[in-house]
Amino acid sequence: MTLRWTGRRDGARAGRRGGARAEAARQATRAEARELLWRAARRRPGVLVRLFAWSLAEAAPAFLSGQALAHALDDGFAAGRPATGLAWLGLMAVAWLAAALGARQVLLAIAAIVEPFRDTLLRRVVAGTLYRTAASGMRPDSAALARLGRQVELARDSFAAVIAVSRSFLFSVTGVLVGVLTLMDAVLPLVLLPLAAGLALFSASLPAMARLQRRLILAEEGTASSVAAMVDALRDVTACGAEDRVAAAVGRDVTRQAEVAKALSRLTAARMLSLAVGGWLPILMVLVATPALVRDGATAGVILGTLTYVAQSLTPALGGLVQGVGVNGVRLVVALERILSMGPAPRQALAADGPGTPPRGALLRLRRVTFAYGPAAEPVVSDLSLVVREGDHLAVVGPSGIGKSTVAALAAGLLRPGEGQVLIGGVPVASLSGPALSAARVLIPQEAYVFRGTLGENLTYLAPGRSPSELDKAVDAVGMAELAARIGGYEALVDPSELSSGERQLIALTRAYLSPARLILLDEATCHLDPAAEARAEEAFAAREGTLIVIAHRLTSALRARRVLVMDGVRAQVGTHEEMIAASPLYRDLMGRWEDPVASGA
Ligand SMILES: Nc1ncnc2c1ncn2[C@@H]1O[C@H](COP(=O)(O)OP(=O)(O)OP(=O)(O)O)[C@@H](O)[C@H]1O
């Protein structure tokens, strides 16, 4: 057995690397977000064509309103031909009707783009949660799932809003500019130049606005989370007399949120300025330039038509863009970052294609393995190399949260390393198909899976076709004979809700014992058994052919193992119990505390 591990890095170097890693992760997440949005937009070209066509219909009033009013005035009412005037107004009414029809179809087309996008995100969130639950062996975090579900809804709504407003702006502005040009080309610069200036102002304020909007979303969430934590623990807070401290801590979050909101409202003034310049200045410029325009041949209708274009179409479209992109665009980016920073899509993370047959042998090799739970997170395992030979029995010990379960999940191929490689029997686990991986190793987490069915079905779940005598041997070896008799034998139905946690563990252990896998990983899989039952089960696995790795719940597991892997956060050391007592202060300390009831506080 060999081992190399640099452990978790600390200090300034780690901080710098952490910052660079976080930035790289943010860039990668953004690139992935862009790719997702782009894929969603072009997934159905037919929908895009429909969206374009109905957007034209929706923009009809933007193009026609000024023209219709100008003609209604010049050729109709001012020329004493009210019927002509009314006809032009009627044409405008038809354009509004077309726009109403178009608006409905536009909404349907946008829904056809954003709903599959939402489904993709939701599938990813649910599959990711299931995958992480399987890898960690813990209960699914339903609160986190609900939070991510809300982010998915937010992303869907914001995406829809961004498509709606940017599309509406493009079509309306094109309609207005073409309309103004056909009324009188001399008027065009009076509209176009302020519009360009307004857009430039808006673009310049956008990065700062996006930053602040992002900070506001995070601050709102921070306040909500600290208020929820306070409310949940209200009795504890009162019992400890910590009301003032907790109120001050929550107050700091509220103040932080208020400061960001104030800064954002100052920037909102800049946003209003861009709207004023791009949307209202053209009106002023047209009014001021009216005498000159009249001298150049502009009629009252041209002036009225131009003002209608600006006030009725251009200003609302610009306002929609400023509001829609400034707020919804940022919300979309933040929500996507949240969802994507959960980690890689499960399909990337799990072993998939590859040999359908399990590897020969159960030699486990971790080659310079580094793993972090999120793209920006500090690695839990860093540059770990480990060889556990066929037939070995290794116990993994270390303080809570140091990464023992993570190492077990990496060894079992449930987590894929960010760097390095895991091999079972010389074959990279990442290349094994699901069935081959299942046949090569079994990992039992704390939470044992027992389903409604017969005891025999539960025990032979990983090894169908085992004979009753084989079952008897396994049941006897692991120490569940008494339980099997109490349940009523292999044909008796098992109701998981009627079993204790320890009884469920015994069933899962016997199932693993019966499986063809030659590599067994017990991740605190005996934590609900009493010490004697735990010893019996572990000894049964140690006597079984193959390799055994035990994430120790009690330190007696280390005494039973041939080798011990001690993880202390800086280094990982491996050796026999005696070697570890001599070499590892942490191991000595753990053993000392365990053996000395006063020190251990027992
Ligand atoms: N799914 C996850 N997402 C993010 N962080 C995680 C996840 N699972 C574990 N962690 C973190 O990784 C670190 C190592 O966790 P791990 O469960 O491997 O430790 P452990 O040594 O097995 O702890 P314990 O003895 O308490 O079970 C911890 O800081 C934990 O909070």
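Residues numbered from 1 in each chain as written. Predicted model: local features only at pLDDT ≥ 70, side-chain atom pairs only at ≥ 80, totals over all residues.

**Examining the overall build of the protein chain**
Consideration 1: A tally of regular secondary structure across the protein chain gives 20 helices and 13 strands.
Consideration 2: The buried share of the protein chain, taken over its 602 residues, is 39%.
Consideration 3: Sequence-distant contacts in the protein chain: of pairs separated by 6 or more residues, those separated by 24 or more amount to 79%. (Helix = DSSP H or I, 4+ residues; strand = E, 2+ residues; numbered from the N terminus. Buried ≥ 20, exposed ≤ 12 C-beta atoms within 10 Å, placed from the backbone. Contact = placed C-beta atoms within 7 Å.)

**So, the site of the ligand**
Consideration 1: Around the ligand sit twelve residues in total, of which Tyr373, Ser400, Lys404, Ser405 and Thr406 are the nearest.
Consideration 2: Listing elements by their share of the shell around the ligand, those giving two or more residues are α4 (82–136) and α11 (404–411).
Consideration 3: Looking at the shell around the ligand, the element that brings in the most residues is α11, giving three residues.
Consideration 4: The residue makeup of the shell around the ligand, split by class, is three nonpolar, seven polar and two charged. (Near = placed C-beta within 6 Å. Nonpolar A, V, L, I, M, F, W, Y, C, P; charged D, E, K, R; others polar.)

**Concerning unusual backbone geometry**
Consideration 1: Non-glycine residue Asp383 carries a positive phi angle of around 55°.
Consideration 2: For Asp383, the location among the structural elements is in strand β3 (residues 381–388).

**Focus: the UniProt feature "transmembrane region" (unreviewed entry) in the protein chain**
Consideration 1: Residues annotated by UniProt as "transmembrane region" (unreviewed entry) correspond here to residues 47–66, 86–114, 159–181, 187–206 and 272–294.
Consideration 2: In the segment residues 272–294, helix accounts for 100% and strand for 0%; the C-alpha atoms at its two ends are 31 Å apart. (UniProt positions renumbered as here; feature names shortened; annotations may be inferred.)

**Quick notes on the nonpolar core**
Consideration 1: In this structure, Val396, Leu410, Ala411 and Val564 are the most contacted members of the largest nonpolar core, which totals 80 residues.
Consideration 2: Counting residues per element, this core draws most heavily on helix α16 (residues 501–514), at seven residues.
Consideration 3: Beyond its immediate stretch of four places on either side in the chain, Val564 contacts Ala395, Val397, Ala558, Val574, Gly575, His577, Met580 and Tyr587.
Consideration 4: Core analysis: the next-biggest nonpolar cluster, separate from the first, contains 70 residues, Val106, Val162, Val260 and Leu314 among them. (Core = buried A, V, L, I, M, F, W, Y, C linked by C-beta atoms within 7 Å.)

**Side note on helix α14 (residues 468–478)**
Consideration 1: Among the residues of α14, those classed as buried are Leu471, Ala474, Val475, Ala477 and Val478. In an axial view of α14, the angular spread of the buried residues amounts to 165°, which keeps them on one side of the axis. Pointing more than 90 degrees away from the buried face of α14 are the exposed residues Pro468 and Ser469.
Consideration 2: For α14, the secondary structure elements touched by its buried residues are α13 (455–459), α15 (481–487), α16 and α17 (531–543).
Consideration 3: At the exit of α14 stands Gly479, carrying a positive phi of roughly 95°. (Arc of directions from axis to C-beta.)

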